[in-house]
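Examination of the molecular architecture
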Amino acid sequence: MYYCSLIFQLTMKKILSLLLVITSVTMFSQRRTCASMDKLHERMNADPSFAQHHKDVMDIIQNPNNTQELNRNPNAPTIVVTIPVVFHVLYKNATQNISDAQINSQLAVLNNDYRKLNADFNTVVPAAFQSLGADMQISFVKATITPTGAPTTGITRKSVGSSFVFEDSYYLAAGELAWNPNQYLNIWIGRFTDNTLLGFAYLPSAAGQAFDGLCIGDQYFGTTGTASAPFNKGRTATHEIGHYFGLEHPWGNDGSSCGSAANSDGVADTPATDNPHYDCPTFPTNVNTCTTSANGAMFMNFMDYVNDNCMAFFTTGQKTIVNNAVNVIRVSLLSSPALAVNNFEAFKSILIYPNPVAKNFTIESPQVEIDEVEIFNTVGQLVKTQKLSQTNNIINIEEFESGTYYLRIYNQGQFLKSDKVIKK
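Residues numbered from 1 in each chain as written. Predicted model: local features only at pLDDT ≥ 70, side-chain atom pairs only at ≥ 80, totals over all residues. Heavy atoms only, no water.

**Quick look at the nonpolar core**
Put simply, the rule reads: By nonpolar core is meant a set of buried Ala, Val, Leu, Ile, Met, Phe, Trp, Tyr and Cys residues that side-chain atoms within 4.5 Å join together. Summary of the burial criterion: residues with accessible area below 20% of their type's maximum are buried, those above 50% are exposed, and those between are partly exposed, where the area comes from a 1.4 Å probe applied to protein chains only. Should any heavy atoms of two residues lie within 4.5 Å, those residues are considered in contact.
Ranked by size, the top nonpolar core spans 61 residues in total, and within it F87, Y114, I138, F140, I187, I241 and F245 carry the most contacts. In this structure F140 touches I83, V85, L107, L110, N111, Y114, L185, I241, F245 and G380, once residues within four positions along its chain are discounted. By size, the runner-up hydrophobic cluster in this structure holds 18 residues, among which are F361, V373, L388 and L416.

**Here we look at the pairing of strand β2 (residues 138–142)**
Just so we agree on the cut-off: Runs of H or I in DSSP of at least four residues are treated as helices and runs of E of at least two as strands, each being numbered from the N terminus.
Counting buried residues in β2 gives five out of five residues, a clear majority hidden from the surface. Going residue by residue along β2, you find I138, F140 and K142 tucked away on one face and S139 and V141 tucked away on the opposite face as well.

**As for the state of the cysteines**
What counts is decided by this rule: Working definition: a disulfide is two cysteine sulfur atoms within 2.5 Å of each other.
Considering all chains together, one arrives at two disulfides under this definition. Across the disulfide, C258 is cross-linked to C290 (sulfur-sulfur distance 1.9 Å). Between C258 and C290 the disulfide shows an S-S torsion of about -80°. By sign, it is left-handed. One end of the pair, C258, is in the loop between α8 (235–244) and α9 (316–329); the other, C290, is in the loop between α8 and α9, and 32 residues separate them in sequence. For C258, a relative accessible area of 34% gives the class partly exposed. Paired by a disulfide, C280 and C310 hold their sulfur atoms 1.8 Å apart. With the S-S dihedral at roughly 90°, the linkage between C280 and C310 falls on the right-handed side. Taken together, the residues C280 in the loop between α8 and α9 and C310 in the loop between α8 and α9 connect sequence positions 30 residues apart.

**Some words on the side chain of E240**
With respect to the helices, strands and loops of the structure, E240 is situated in helix α8. Under the relative-accessibility criterion, E240 is labelled buried at 1%. E240 has contacts with C34, S36, G199, F200, A201 and L214, leaving out every residue within four places of it along the chain.

**A look at the packing of helix α3 (residues 48–62) against α9**
Test applied: The axes used here are C-alpha line fits, helices contributing only the stretch in contact, and every angle between their N-to-C directions lies in the interval 0 to 180 degrees. Roughly parallel covers angles under 35 degrees, roughly antiparallel covers those over 145, roughly perpendicular covers 65 to 115, and oblique covers all other angles. What makes a crossing left-handed is the near helix being turned counterclockwise from the far one by less than a right angle; a clockwise turn instead makes it right-handed. For this classification, the nonpolar set comprises Ala, Val, Leu, Ile, Met, Phe, Trp, Tyr, Cys and Pro, the charged set comprises Asp, Glu, Lys and Arg, and every other residue, Gly included, is treated as polar.
Two elements in contact, α3 and α9, have axes separated by 8 Å at closest approach and are oriented at 120°. One element, α3, and the other, α9, form an angle in the oblique class. Relative to α9, the crossing made by α3 is right-handed. Contact residues: V57, I60, I61 and Q62 in α3; I321, N324, A325, V328 and I329 in α9. Of the residues that constitute the contact of α3 with α9, the class distribution is seven nonpolar, two polar and no charged.

**Quick notes on the packing of helix α2 (residues 36–46) against α3**
Relative to each other, α2 and α3 sit at 125°, their axes nearing to 5 Å. Classified by the angle their axes make, α2 and α3 are oblique. Mapping the contact onto sequence places L40, R43, M44 and A46 in α2 and P48, F50, A51 and H54 in α3. For the contact of α2 with α3, the residue count by class is six nonpolar, one polar and one charged.

**Thoughts on the pattern of salt bridges**
For clarity, the cut-off: Only one rule defines a salt bridge in this text: a Lys or Arg side-chain nitrogen within 4 Å of an Asp or Glu carboxyl oxygen.
Evaluation of the coordinates by the stated rule reveals nine salt bridges. The shortest N-O distance in the salt bridge between R157 and D100 comes to 2.7 Å. Taken as a pair, R157 in strand β3 (residues 155–159) and D100 in helix α4 (residues 100–113) lie far apart in primary sequence, 57 residues in all. Judged by relative accessible area, which is 41%, D100 ranks as partly exposed. Residue E372 pairs with K387 through a salt bridge whose shortest N-O separation is 3.6 Å. Taken together, the residues E372 in strand β9 (residues 372–376) and K387 in strand β10 (residues 382–387) connect sequence positions 15 residues apart. Taken together, the shared-partner salt bridges in this structure form one network comprising D113, D120 and R235.

**A word on the environment of G255**
Position of G255 relative to the elements: it lies in the loop between α8 and α9. By relative accessible area, G255 is classed as exposed at 73%. Separated by 20 residues in the primary sequence, G255 and N275 have C-alpha atoms spaced 7.1 Å apart.

**A word on the packing of aromatic side chains**
Note the following rule: Only centres within 6.5 Å qualify two rings of Phe, Tyr or Trp (six-membered ring in Trp) as a pair; their planes then separate them into stacked at under 30 degrees, edge-to-face at over 60, and tilted for everything else. In our convention, an over-ring charge means Lys NZ or Arg CZ found within 6 Å of a ring centre and within 35 degrees of that ring's normal.
With the rule as written, the count across this model stands at 21 aromatic pairs. The interplanar angle of 50° and the centroid separation of 4.9 Å between the aromatic rings of Y114 and F314 together place this pair among those described as tilted. You can see Y114 sitting in the loop between α4 and α5 (121–124) and its partner F314 sitting in the loop between α8 and α9, a full 200 residues away along the chain. With respect to burial, Y114 and F314 carry one shared label: buried. An angle of 55° between the planes, with centres 4.6 Å apart, marks the rings of Y202 and F211 as tilted. For the pair shown, Y202 and F211 are each scored as buried. By way of ring pairs, the aromatic residues F166, Y170, Y171, W188, F192, F200, Y202 and F211 are connected into one cluster. Stacked on the ring of F211, the Lys or Arg R43 has its end atom at 3.6 Å from the ring centre. Between the NZ or CZ atom of R330 and the centre of the ring of Y244, over which it lies, the distance is 3.5 Å.

**Some thoughts on the environment of L334**
Topologically, L334 is positioned in the loop between α9 and α10 (344–348). When its relative accessible area of 3% is taken as the criterion, L334 is described as buried. Along the sequence, L334 and N182 sit 152 residues apart, while their C-alpha atoms lie 9.3 Å from each other.

So, in structure tokens, the structure goes:
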């Protein structure tokens, strides 16, 4: 009887160990299946002309001096640009109908990560790589008007059936049709049928298409609510929106070996690797690097596959590609003729001072007519709107909490400029 009990206990231990291994493998496979490249290749295989178009677009944004096929905007501004976002929540039950707070938490992460304001930059990024860290100069706000001009919270919600395949139908009538993808960043949030998926976003070659935008699982979105560890720090969206703005994985096309043309991500300051990294590696490591070095792999880059709390920055080389995408392929997101060549100098003349500010700051525009400013907090909420004249506009933010605020300046409904102020 004793031996039977002992054998039973040993057998159960083996079973439990096996279950832990299976659970661990499943967890790691989730980050492995960032589906951006898979979805891109599906489109390429279905339409050879799209494959050539994608190649042309990537050639342009990865080679800023190359002007073939598409017209560049040589005088595009180098200030902070604002991207209007609409969130489409597609839910099968009440739990999946995520809260506004969860959406706001994701906006806060995006605004911190894309401005290099994330609190974990100095602790997660090794000193050897910190000088390469880049402020991408992009802020994200909830859309305040629909494509038809109606007021909106920037969030749509729709109940879908239990058989709805989110990853295939998110952008169709059965899901939620995109708001004009040339004017909005559409983000669809739902529950994937394939439970190994985290999310995916199309690269700039898909700009303007009905499926263009970010598709993401609710469990990997934001930092609260249904967000689930180890992907509960909002970094899946940071990673996927990197694809949306033209960034590839550091190892280039998935499955490409070192030295092949497809192995490069087109970025000089991200060390070449031939595979992703998972979990939280210890720095330095040369696992998967194409060339051994003292610093090893840049696994903590937002475009690798490590856990959310172990990735923390973009590089200056990646910023170049993102800027090229914003100023060429996705320039319509800026929604403003004021960014054109003729008005560029006048556009730069819009003054905002002092900054940082304790109580009041001033907006002046000696060359361009302005009539309104919107102020957003770091979670993309509109916190103040004020009418303006061309000169001496005193904006009081004394009651605002300390922190960063983003401005959008208009004239007669036409967006003119993005900027930010720091409240002391």
